[in-house]
Amino acid sequence: SDRADFTSERDDDLEGEDEDEDVPESFYDLTHEKLEETLSKGHGIDKRLETKIRRCFQQFLLKFRMEGQAEARYPDLIRKMAEEDQKHLDVHFGHLQQWSAQLALWIADYPLQILPLLNMTLLTEAARKFGTYRNLVASEETELRVAIHSFPVQEPIRELSTRHLSRLVSVQGVVTKRTKVFNEVKRLYLRCAKCNFLSPAFEVASDKDLKPGACIECQSKGPWKVDRQQTLYQNHQKITIQESPSTVQPGKMPRSKEVILTGDQVDTIRPGDDLRLTGVYRCLYDAATNARTCFPVFKTEIFSVHMHRKGDVKLMEITDDKQQQILELAKDPNIRERLISSMAPSIYGMRHVKTAIALSMMSGQQKITAGKHRIRGDINTLIVGDPGLAKSQFLKYVEQTFPRAVYTTGKGASAVGLTAAVTRDENGEWGLEGGAMVLADDGMCLIDEFDKMNDNDRTSLHEAMEQQTISVSKAGIVATLKARCAVVAVANPTEGRYDPQRTFAQNVNLTDPILSRFDILCVLRDEADPLQDTRLADHVICSHIRSHPDASAEDKLIKPKLQQRADHIEPIDQDLLKYYIIYARQNVFPKVGDIDKEKLANFYRDLRAESFRNGGQAMTARQIDSIVRLAEANARLELRQHVLAKDLDNAISVVLESFIQSQKHQVAEELRKKFSRFT
């Protein structure tokens with residue numbers, strides 16, 4: 001019978017509430033147990049082995065210590081789970097292997113049978129210590145979930161086959177689609193339609209038939225009605241995960257697979273997210289496919305156990321050791337110079353571009369004024385220059401380094417591809433799909449070949465770059481999407497090469513409204529300079545020697561002559577740099593207090609007068625906002641919570657350099673002398 005009496009089971013669960021937590025190892029040692037034989041005969045796990053498995057996992061939660069640590073790891077994580085009122089506990093598969101290799105093997109081979117036992121054990125353990133979870137036990141919920149992650153065997157989606165069925169798998173891919181959230185029946189209560197007697201609960205499973213049998217009270221075999229008050233439901237959502245384009249072999253179409261999300265996993269994933277997913281690969285009987293193919297076929301899907309979203313700044317956790325390293329690094333008096341020289345260290349020179357990218361990555365502080373008007377905190381950068389000056393390489397570097405960055409090219413992106421599109425789903429309903437700027441929310445949007453975009457497509461970026469929202473009014477859908485991202489765009493001059501005798505507007509085919517939305521302009525010119533060219537060639541050759549796949553230890557230590565000098569600034573390790581940026585964005589929120597307002601006002605007044613006299617970059621009130629944002633980003637570089645006078649000076653020098661670079665050659669030199677008092 002499918003009927004189950006849960007109350008007695010719960011009592012068993014909580015029997016150990018007052019027991020001593022220290023249990024001899026022989027009570028939970030699974031080495032000599034034979035689960036395979038029991039399950040191969042079609043029997044379930046017997047009560048004795050079930051208790052042993054649960055006791056083994058309970059002791060793991062209480063006692064497991066990592067190497068070199070005195071404190072047990074998981075009691076702390078369970079407490080954190082209770083504080084944040086979460087419904088799942090992340091458990092590392094490697095830790096289970098160290099604790100009990102047999103249990104880890106069973107989880108990998110028989111997850112459908114073992115994971116419910118672990119979930120029940122976690123609920124019991126959490127309810128013993130925290131009142132929040134005690135209420136869950138009283139309401140007969142089994143909502144707590146053990147999320148196993150870091151499964152060592154990674155499978156490509158296209159290689160999932162029959163040998164993986166009903167086993168734990170780990171796959172990686174990009175989410176392309178997600179459905180609405182549905183309510184799925186988890187535990188069903190029926191009432192007899194004749195005598196209104198409530199039957200015991202039925203556990204609803206997709207692979208089992210529901211046979212209520214006869215009513216206990218009046219012995220009639222139906223009809224039945226569902227008691228909607230007592231019946232338990234759970235959230236249920238489907239997403240489609242597709243192979244990452246970079247992993248697909250040339251000439252092959254990327255494969256996709258449906259993934260089932262339940263409980264607290266629903267709505268945590270958006271289309272476009274890069275996922276590392278651990279789940280159970282299972283098959284379902286699909287009548288529609290069978291009718292179409294006239295052949296008994298089973299449909300396969302992955303039931304999600306744990307999801308890790310790559311590139312989410314908010315989800316990346318910084319360990320105490322890393323935090324210590326970051327704070328030590330911030331004490332270095334030369335930290336700003338080191339951070340700037342660490343940006344794309346394989347590219348020689350280009351200090352202004354590296355400064356712009358470092359400040360864009362750090363970003364300023366968004367503010368909401370008294371009139372509920374929002375001032376953006378993200379810093380937009382435009383890089384214009386001659387061919388062959390590594391402009392696109394800078395974008396690729398940001399994509400690799402920054403946790404959440406979306407890369408697109410102007411020629412391959414349309415207005416809807418960058419902002420939002422209205423599409424029909426398989427049921428014929430209209431839905432919204434976010435473009436590159438929506439997917440880059442809380443990150444950076446990198447646009448290559450910005451000048452090759454159509455003017456109409458470029459106009460759609462106006463709202464996204466200043467108000468940082470995207471409004472859609474199509475097909476009966478009126479919505480506003482958030483696009484809080486910094487834009488780093490790269491463009492080529494109209495004539496192929498930048499002509500210093502012409503104004504910036506003549507060199508670049510971009511309108512004033514879009515140019516005024518960029519905080520920093522960088523103009524790169526390819527000029528012949530024997531000394532610089534010699535150094536550049538030396539830098540490139542050394543980079544080739546170091547980066548060769550078969551490079552020896554000696555080859556990897558080769559440095560260009562410029563880096564061998566005593567005054568050379570040593571760049572920061574790239575892995576630590578990633579964490580430094582994340583830490584700064586998560587924990588440092590600089591305030592603009594007593595800065596020299598008069599200096600800023602005089603600088604803006606003089607620069608605006610020059611702008612109207614000589615042309616170049618258009619100076620508007622937005623540039624005042626830009627200077628404040630850049631000053632905050634400079635404070636963030638040094639992990640300071642307040643803006644100092646030197647931050648304002650650095651911000652002014654960056655804006656001034658942008659303005660001077662956008663001028664004609666003869667005017668630029670005069671301006672440098674005239675504004676030298678501000679830098």
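Residues numbered from 1 in each chain as written. Predicted model: local features only at pLDDT ≥ 70, side-chain atom pairs only at ≥ 80, totals over all residues. Heavy atoms only, no water.

Here we come to the packing of aromatic side chains. Applying the stated rule across the entire model yields seven aromatic pairs. Between F57 and F60, the ring centres sit 5.8 Å apart and the planes meet at 25°, which makes this aromatic pair stacked. Here F57 and its partner F60 are both found in helix α3 (residues 47-63), three residues apart, which amounts to about one turn of the helix. One exposure class covers both F57 and F60, and it is buried. Taken together, a centroid distance of 5.9 Å and an interplanar angle of 90° make the contact between F450 and F518 edge-to-face. Within this pair, whereas F450 is found in the loop between β18 (444-448) and α16 (455-459), its partner F518 is found in the loop between α19 (512-515) and β22 (520-524), the two being separated by 68 residues in sequence. Comparing F450 with F518 shows no difference in burial state: the two are buried. (Phe/Tyr/Trp six-rings, centres within 6.5 Å; stacked < 30°, edge-to-face > 60°. Helix = DSSP H or I, 4+ residues; strand = E, 2+ residues; numbered from the N terminus. Buried < 20%, exposed > 50% of the residue type's maximum accessible area, 1.4 Å probe, protein only.)

One can find W106 in helix α6 (residues 101-109). Excluding residues within four positions of it along the chain, W106 makes contact with L30, E33, L35, E36, L49, I53, P111 and I114. (Contact = heavy atoms within 4.5 Å.)

With that out of the way, let us pick up the nonpolar core. Ranked by size, the top nonpolar core spans 69 residues in total, and within it M361, Y580 and F603 carry the most contacts. Broken down by element, this core gets its largest block of residues, eight residues, from helix α25 (residues 645-661). Sequence-distant contacts of Y580, defined by excluding residues within four places in its chain, comprise I326, L329, A330, I335, L339, M362, L637, E638 and L639. By size, the runner-up hydrophobic cluster in this structure holds 44 residues, among which are Y28, Y74, W106 and I148. (Core = buried A, V, L, I, M, F, W, Y, C linked by side-chain atoms within 4.5 Å.)

Overall, the predicted model of the chain reaches an average pLDDT of 82, with 92% of residues at or above 70. Note on residues 1-20: pLDDT is under 50 here. Beyond four places in sequence and across chains, it has 35 contacts. (pLDDT = per-residue confidence, 0-100.)

Attention shifts here to the packing of helix α12 (residues 351-362) against helix α22 (residues 574-587). Two elements in contact, α12 and α22, have axes separated by 9 Å at closest approach and are oriented at 50°. In terms of orientation, α12 lies oblique with respect to α22. Two secondary-structure elements touch here, α12 through S360, M361 and M362 and α22 through Y580, I581, A584 and R585. Residue composition of the contact of α12 with α22, by class: five nonpolar, one polar and one charged. (Axes fitted to C-alpha atoms, helices over the stretch in contact; angles between N-to-C directions. Parallel < 35°, antiparallel > 145°, perpendicular 65-115°, else oblique. Nonpolar A, V, L, I, M, F, W, Y, C, P; charged D, E, K, R; others polar.)

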